[in-house]
Amino acid sequence: MDLSINMQKAHAQTRRHFFGQAGMGFGAIALQQLMAKNGLAADGEAFRIPAKAKSIIYLHMAGSPSQLELFENKPALTKFHGKDCPKEYLEGKRFAFIKGTPKMLGPVFDYKQHGESGQWVSELLPGLSSIIDDVCIIRSMHTDQFNHSPAQLLLHTGNPLLGYPSMGSWVTYGLGSENENLPGFVVLASGGKTPSAGKSLWGSGFLPTLYQGVQCRTDGGDPILYLSDPKGLSRKARRKTLDALKDLNEYQHRHVGDPETLTRISQYELAFRMQVSVPGVMDLSKEPEHILKLYGARPGHVSKAESAADPRRLYKGNDATFANNCLLARRLVENGVRFVQLYDWGWDHHGSSLGESIDETLPIKCQQVDRAIAGLITDLKQRGLFEQTLIVWGGEFGRTPMMQNNVNSVLKKGFYGRDHHPHAFTMWMAGGGIKPGAYGSTDDIGYYIAENPVGIRDLQTTILHQIGLNPHRFNFPYQGLNQRLIGPTEEGKVIKAILS
Amino acid sequence: MGHPKTKKIRRLLTGSLFVVLANPVVSFAGGKISFNRDVRPILSANCFSCHGPDKKARKAKLRLDTREGALFDLGGYHALQPGKADKSELILRIEADDPDDLMPPADSGRKLTNEDRRILREWINAGGEYETHWSLIPPVKAHLPEVHQKDWPLHPLDQFVLGQLEQNTLAPAPDADRYRWIRRVSLDLTGLPPTPGVADAFVADKDKDAYEKVVDRLLASTAYGEHWARMWLDLARYADTKGYEKDRHRDIWIFRDWVIDAFNRDMPYDRFTIEQLAGDLLPDPTPEQLVATAFHRNTMSNDEGGTDNEEFRVAAVKDRVDLTVQVWMGLTMGCAKCHSHKYDAITTDEYYRFYAYFNQTEDNDHPNDSPTYRVTPRETRVKRDALKKELAGLEKTGEVKLPELLAWLKEKKIPGEKWPVFSPVKAVSKNGSTLAILDDKSVLASGKSAQTDEYTLHGTLPAGTYHTLRLDALTHPSLGSRNGPGRNQKDPNFVLNELSIEHIPAGSATPRQLKIRTALADFEQKSWPVNGAFDGNPKTGWAISPRFGADHLARFTLDAPLQIKEGDRLRISLSQQYGSQLCLGRIRLSAGHPGTENWNLADLQTAMLSSILGEPLNPSRRQLAAQLQTDGDSNTASLRQRIATLKAEISKIDKTSTTVPVMREKPAGKQRVTRIHQRGNFLNPGKAVQHRLPGLFAAPANLPTNRLGVARWLMAPENPLTARVMVNRVWARLFGVGIVETEEDFGSQGLMPSHPELLDWLAVDLIEGEWSVKHLLRAITLSRTYRQDSKILPGHLDKDPRNRLLGRGPRFRLPAEVVRDQSLAASGLLTRKLGGPSVMPPQPPGIWKSTYSGEDWKTASGPDRYRRGLYTYLKRTSPHPALITFDGGSGEVCQIRRIRTNTPLQALITLNDETYLEAAGAMARLMKKSSEKLEQQIAFGFRQILIRPAEPFELERLIRVYHELTPEITDKAAFLSSAKLKEGDPSMVALASILLNLDETLMKP
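Residues numbered from 1 in each chain as written. Chains lettered and ligands numbered in written order. Predicted model: local features only at pLDDT ≥ 70, side-chain atom pairs only at ≥ 80, totals over all residues.

Draft legend 1. Seen up close, the overall build of chain B. What chain B contains, in helices and strands, is 35 helices and 15 strands. Computed over the C-alpha atoms, the radius of gyration of chain B is 38 Å, more than 25% above the 30 Å expected from 2.2 N^0.38 for a compact globule of 1005 residues. In terms of overall dimensions, chain B has C-alpha extents of about 125 × 85 × 50 Å along its principal axes. In chain B, which comprises 1005 residues, the proportion classed as buried is 50%. Within chain B, counting contacts between residues at least 6 apart in sequence, those at least 24 apart form 71% of the total. (Helix = DSSP H or I, 4+ residues; strand = E, 2+ residues; numbered from the N terminus. Rg over C-alpha atoms; globule rule 2.2 N^0.38 Å. Buried ≥ 20, exposed ≤ 12 C-beta atoms within 10 Å, placed from the backbone. Contact = placed C-beta atoms within 7 Å.)

Draft legend 2. Quick look at the overall build of chain A. Counting its regular elements, chain A contains 13 helices and 17 strands. In terms of overall size, chain A behaves like a compact globule, its C-alpha atoms giving a radius of gyration of 24 Å where 500 residues would be expected to give roughly 23 Å. Taken along its principal axes, the extent of the C-alpha atoms in chain A is 85 × 55 × 40 Å. Across the 500 residues in chain A, those meeting the buried criterion constitute 61%.

Draft legend 3. Region of interest: the domain arrangement of chain B. On domain assignment, one finds that chain B holds domain 1 (35-130), domain 2 (414-630) and domain 3 (816-886 + 903-1005). Here domain 1 of chain B and domain 2 of chain B have C-alpha centroids that lie 92 Å from each other. (Domains from an automatic or database assignment.)

Draft legend 4. Spatial organisation of the sheet that holds strand 6 (residues 464-473) of chain B. All names here are of chain B. Within the open sheet, the 6 strands sit side by side as 3-4-12-6-10-9. Their pairing is antiparallel. Two strands in the sheet have a free side with no partner beyond their single neighbour: strand 3 (433-437) and strand 9 (516-521). Between one strand axis and the next, the sheet turns through 25 degrees on average, direction left out of account. As judged from the 2 bridges shared by strand 4 (residues 443-447) and strand 12 (residues 586-592), these two strands associate in the antiparallel manner. Residue pairing for strand 12: Leu444 is matched across the bridge by Arg586. Strands strand 6, strand 9 and strand 10 (552-564) of the sheet are contacted by helix 18 (residues 601-611), whose axis makes an angle of about 95 degrees with strand 10. (Pairing = 2+ DSSP bridges. Axes fitted to C-alpha atoms, helices over the stretch in contact; angles between N-to-C directions.)

Draft legend 5. Representation of the environment of Asp177 of chain B in the model. Mapped onto the elements of the fold, Asp177 of chain B is located in the loop between helix 6 (156-167) and helix 7 (178-190). It is 8.8 Å that separates the C-alpha atoms of Asp177 of chain B and Arg787 of chain B, two residues lying 610 residues apart in sequence.

Draft legend 6. A look at the packing of helix 7 of chain B against helix 8 (residues 196-204) of chain B. Residues and elements named next belong to chain B. Contact geometry of helix 7 with helix 8 gives a least axis separation of 9 Å together with a crossing angle of 125 degrees. It follows from the interaxial angle that helix 7 and helix 8 lie oblique. Taken as a pair, helix 7 and helix 8 cross one another with a handedness that is right-handed. Residues Arg178, Tyr179 and Ile182 of helix 7 pack against Ala199, Phe202 and Val203 of helix 8. Classifying every residue of the contact of helix 7 with helix 8 gives 5 nonpolar, no polar and 1 charged. (Parallel < 35°, antiparallel > 145°, perpendicular 65-115°, else oblique. Left-handed = near helix turned anticlockwise from the far one by under 90°. Nonpolar A, V, L, I, M, F, W, Y, C, P; charged D, E, K, R; others polar.)

Draft legend 7. Up close: the pairing of strand 7 (residues 498-504) of chain B. Residue and element names in this part refer to chain B. Bridge count for strand 7 against strand 11 (residues 569-576) is 7 bridges, and the pairing is antiparallel. The partner of Ile501 across the bridge, within strand 11, is Ile572. Pairing geometry for strand 7 and strand 8 (residues 512-513), over 2 bridges, is antiparallel. From the neighbouring strand, His503 faces strand 8, where its bridge partner is Arg512.

Draft legend 8. Fine view of the nonpolar core. Core analysis: the largest hydrophobic core is formed by 305 residues, its most contacted members being Cys136 and Met429 of chain A together with Leu991 of chain B. Here the element with the most residues in this core is helix 14 (residues 309-329) of chain B; it accounts for 11 residues. Not counting chain neighbours up to four residues away, the residues in contact with Cys136 of chain A comprise Trp428, Met429, Ala430, Ile434, Lys435, Pro436, Gly437, Ala438, Tyr439 and Ile498 of chain A. Trp419, Ile501, Val530 and Ala607 of chain B belong to the second largest nonpolar core, which has 52 residues in total. (Core = buried A, V, L, I, M, F, W, Y, C linked by C-beta atoms within 7 Å.)

Draft legend 9. Molecular detail of helix 7 of chain B. In this model, helix 7 of chain B (13 residues) spans 17 Å end to end at C-alpha, consistent with the 18 Å of a helix rising 1.5 Å per residue. Where helix 7 of chain B terminates, the next one or two residues include Gly191 of chain B, which has phi positive at roughly 75 degrees. (Expected span 1.5 Å × (residues − 1).)

Draft legend 10. Structural detail: the confidence of the model for chain B. In this model, chain B carries a mean pLDDT of 88, and residues with pLDDT of at least 70 account for 93%. For the stretch residues 1-30 of chain B, pLDDT sits under 50, and the model shows 90 contacts to residues farther than four places along the chain or on other chains. (pLDDT = per-residue confidence, 0-100.)

Draft legend 11. Molecular detail of helix 7 (residues 167-175) of chain A. All names here are of chain A. Of all 9 residues that make up helix 7, 9 are buried, and the element is covered over most of its length. Regarding helix 7, the residues found buried are Met167, Gly168, Ser169, Trp170, Val171, Thr172, Tyr173, Gly174 and Leu175. Within two residues after helix 7, Gly176 carries a phi angle of roughly 70 degrees, on the positive side.

Draft legend 12. Local environment of the packing of helix 9 (residues 259-282) of chain A against helix 29 (residues 904-912) of chain B. Contact geometry of helix 9 of chain A with helix 29 of chain B gives a least axis separation of 8 Å together with a crossing angle of 80 degrees. Of the possible angle classes, the one that applies to helix 9 of chain A and helix 29 of chain B is roughly perpendicular. Each of Gln267, Tyr268, Leu270, Ala271 and Met274 of chain A in helix 9 of chain A lies in contact with helix 29 of chain B, whose residues at this interface are Pro904, Ala907 and Leu908 of chain B. Its residues placed into classes, the contact of helix 9 of chain A with helix 29 of chain B shows 7 nonpolar, 1 polar and no charged.

Draft legend 13. Region of interest: unusual backbone geometry. All names here are of chain B. Here the bond from Met103 into Pro104 is cis, since omega is -10 degrees, no more than 30 degrees from zero. In this structure, Pro546 follows Ser545 across a cis peptide bond, with omega equal to 5 degrees. Mapped onto the elements of the fold, Pro546 is located in the loop between strand 9 and strand 10. A positive phi is found at Asp247, a non-glycine position, where the angle reads about 50 degrees. For Asp247, the position within the fold is in the loop between helix 10 (222-235) and helix 11 (253-264). At Gln581, a residue that is not glycine, the phi angle is positive and equals roughly 60 degrees. Inspection of the secondary structure assignment puts Gln581 in the loop between strand 11 and strand 12.

Draft legend 14. Fine view of the environment of Ala51 of chain A. All names here are of chain A. Tracing the sequence through the fold places Ala51 in the loop between helix 2 (29-37) and strand 1 (55-62). In this structure, the C-alpha to C-alpha distance between Ala51 and Gly468, residues 417 residues apart in sequence, is 3.7 Å. Aside from chain neighbours lying at most four places away, what touches Ala51 is Ile467 and Gly468.

Draft legend 15. A look at the confidence of the model for chain A. For chain A, mean pLDDT is 87; residues scoring 70 or higher make up 90% of the total. Contacts of residues 1-43 of chain A to residues separated by more than four positions or lying in other chains number 74 contacts, the stretch itself having pLDDT below 50.

Draft legend 16. Focus on the sheet that holds strand 5 (residues 453-460) of chain B. Residue and element names in this part refer to chain B. In space, the 5 strands of this open sheet follow the order 2-5-11-7-8, with antiparallel pairing throughout. If you trace the sheet from one side to the other, it starts and ends with strand 2 (423-429) and strand 8, each paired once. Pairing analysis gives 6 bridges linking strand 2 to strand 5, with the strands arranged antiparallel. Across the sheet, the residue bridging to Ser423 is Thr460, located in strand 5.

Draft legend 17. Structural view of the environment of Gly82 of chain A. Residue and element names in this part refer to chain A. Among the structural elements, Gly82 can be located in the loop between helix 4 (75-80) and strand 2 (111-114). Along the sequence, Gly82 and Leu105 sit 23 residues apart, while their C-alpha atoms lie 6.2 Å from each other. With residues near it in sequence (within four places) discarded, Gly82 still touches Lys103 and Met104.

See the structure below:
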């Protein structure tokens, strides 16, 4: 009797401690501790601001799609097509692969205006075109990294070097998760490879590992590593083992009195619940036919490209892997997951080898994602989740208005390519308090930004702002500095013009 | 505020689900304000970012990090008026009602508490004195404090701990029982549990020094070095791949083995430091000293296409600079890359002056990781040296005296008539070499040495029937210091691409091409066999590298017998098209009568040697002759066999050699000019700077101006930080939290030590103990403080939730590797092999999907499946999920301390990961074998993992669940096979899995 009263007390204490005050998500207590150290109000006010979005779905096209074939209608570039690139665009510039004087490459696909807003979108994105009035296109993005791995790291961790916490880790660290049976930061990958910078892109850096992204796998294995009980062990048997563990651990707690033991008990129970809740939320077969159709999703679909040594040659337009991930993303945010990060690999269209061209591969990649993305936005809207979900789409940099010339110096079918271009590229955002429309523009050939430049820091600042964290104050003391996602300087600004 | 004077007690849970950052509830005695303890943390956290050392960031020209700055005349008033808080601007501003005047400004997000204001006020009223930051004051051994409980301390360190406990009216915990203590100390010193037998012996040991014996035995085991190496490898950001996009494999495991070995030998920390930072700069460095320098070659390199090598070289050098200061001195210098440090007095200028020391190594982010060094592991190298010595001795015994040799050769002389020599009458070089026909009918090339060439020889043979043609490629003193046989003096190889033999019968003008059927050569370079010399392919051919300086031969067997009549001529051409002057230097041709196609190599070589008897018997010829002679002598057969065995063993050992990237200094005159990178950007170089050490303390004179100087500077007795940082690090591994909790920051932003005098005492003791880490560990693990029971006594949780006062034993979750190793050890699966290349234990399929690298995780099936976690292959972009989930690092950056978490994903691993299931299976098998009785089997298993005997409740509960499980495990075969068993008791396997998942199992007791 005594034991159970003590246990209840201890439990209550633990829960109050961990699950925190009303209104704070699972995990936000860490924030509280942090502020206590910094002498700030312990209620989190200093870092928290009113949130426009409750969750984030970030769609990263790893490798970086060509903005010139998707969003940048540039008649002037068409005019210069095939001509030598003027010197002023080359002098003092560093390129990854371009050598000497490359030729200009006009947009390869046709553009039309869409929606009431009359946005120019390429023929490769009919789905997105149909919902274009829901998104805000930013054509004036720029970065200072022009290799994949550092550029991806800068974008997602705020630092081009490895070892810093990812945006999703920061956000879950600051806000926790709304569902204590699911991880707060979920990563879904498609395209057959992980992005260049690998798992560091969802690592927690110097933040506790609790906040690292949990990669959910959709290749037929466990959706979360080690989630399945060993073969032959029934759920009932698992329950029996956990009951014994619980009794023995409670006995241990009674003798030693370490609250950590109670945490362990609760983590084992949470693991047990996750064994049910995760496969449940990951099970697309529960979705009705019309929803599957909306995304182009196919439950149980496992693409051959996902396990190929070079998946690019196996890409098919009707591959449902990314569509499945989009549908999963909706199910996850619906269930309170804070940050869903999608990576789709295979967008690095240099045109220097088979399966990576603008003219042949890019259309296939667009088919894989376009309907799914339009479906995702439509579905979020019809469920009333759109306004509380921030959707971000883009690559890590853009692609050059010149054709890449290090392998093929003349245009060859199946080998149209563009090099990495950090000076101007396109991203779009939607939902979560973002005002639909367009922001920023580039010069006639899409080389430089003409107006309203948006840097990576601005993007990060805006994302934190929308999710309800003060981007400037939200920090973690490490190595003598109050580390922030947006870096040590104040260059990052909220892009106020795109907020509704 | 999080500094140690916090009064409010928070019910924080140590190392729990949510990491508790800081909130030590240590209260220090005395009401007197101390600048370092009380005032500096307030100023540093709230004021220094605008009023600190960084000139560019400084507002209102006011700096508060020095007294001089605070006393500066601001125009009739001063921030600090000693003794007069009411007249000090600082106080007026922090107490201002007007938000425009208030400091810190509202938009800074910083806010002072009333307590902070009270402290600042009191400090100024008491005179407003500054102190040097505590960590920059050299440590001294303070007098031991007076304590009441005089029989408690066993070691001076206990006295400091007890003193503080008593001040806080807490009593230390009683000693832990011996079972728990021996499990604790074994896990701490070796990362492995004791066996129950060893524990029983200790419990029964009535000797006064029973504890000492345990600690000494553990410190002497090789497992000690393996366990403590892990701590160091975290700091060294050790990994088996290079990082970034490609993240390709890197051979650097021998550095890991060096660290293990250094700990096992208890290499003094100063030597340990110097060898890693500057082993290459020591006089006549040993192979180990060169391997040690791989410490700083653990930096990442970017092999992604199109990357700028200089950019990533610079990133690596900066990483070395930052890490060096961080690891040895607990200071962060990294911020000064871009701006002068806002909190600690390190300027950008100083940063790049220090950077200059590290900016002189040859490595430059090249994909081949150069410079690298090839080395054989020390143990095997020692063995190889012994074998080589024996071999040399045997070869000497077998050596034949010259006169005997000559006599033998003469006697053995193969009948000359079997091999008539081809007599050239004309020798022509296509590309301008001079071909001279010597008296012995050999042809010697000299003069111009063309890249490629073709020699054509016209000549005759005595009449007769011939089945073979022998080409001798001979050495000659005119062919350079190695005597050829090729013409390129630096690479005296040759490549004979095609040999053509034409027969021109007397009176005829039409040559007839002879076909070659087979050939035999005395030696063939890999991929360059003699068969290539007559296959019609001009790209293939015969070459002999690396056997230079020796005569070689090839016998070509003709497809059909060659009949030579009087007056017939032969035209023989030798095409050599490889390039690089790889052409023959001296050749002689002879033709063999029938039967010579069956001669063995030894006879052919004897024939060749006999034909050059008139020439000096140079070492290679002498060796060949000796070998031919002993080969023919049956008495020496066993000797030869031994020699062959030795040679094979030596070559086997040579194959265990590995390469490792090392540090190598650029030669004088080629050193780089170091420039300041403006705003940290290497593309934006500023003024050039010379190397200079940061002026943190008075450096010893006459330090070399290179990395060796840096290493000596770090270990100089004047350095107030190095010993403290190391002591603190070791302490933190044993007690869960350092005496300075912020192990990574001993600067003004870091936390104050909980026991400053204890830290200093141990630091001085480490230096006095000649930097012996074992000495330090021995002292701590034998202390009374360490021996305490970890049970939380009533009242303690409230007064000291995080055990910062050390009034109980340490209890926290085991590190990732230990969680694994313990399960494998308890179940008897653990493979105890020291060192070697990293291994791949099971991990779920599909984890490795890195871009491009194409490298696979090949799960080990043999003993390597069960090696210690330390040896698990670490790919930076994709570390083993079980290790990383338990807070292990990825090796991407220096990991000063692992922040412990407690998550459901960890539970899933120890419940469901193959490794733990196999351990449960093996343990169940041991349990079933241990006794006939269920109860005893379970009691046995309990002790295998927890060492102590189970209590009745525990035993009963386990027996109950065993019976409950039996009907529930329906598919017994499937469950057994997931534990890698073919047969057995599935309920016992599930029960063993429970044992591996107990809270007590995962925690240090």
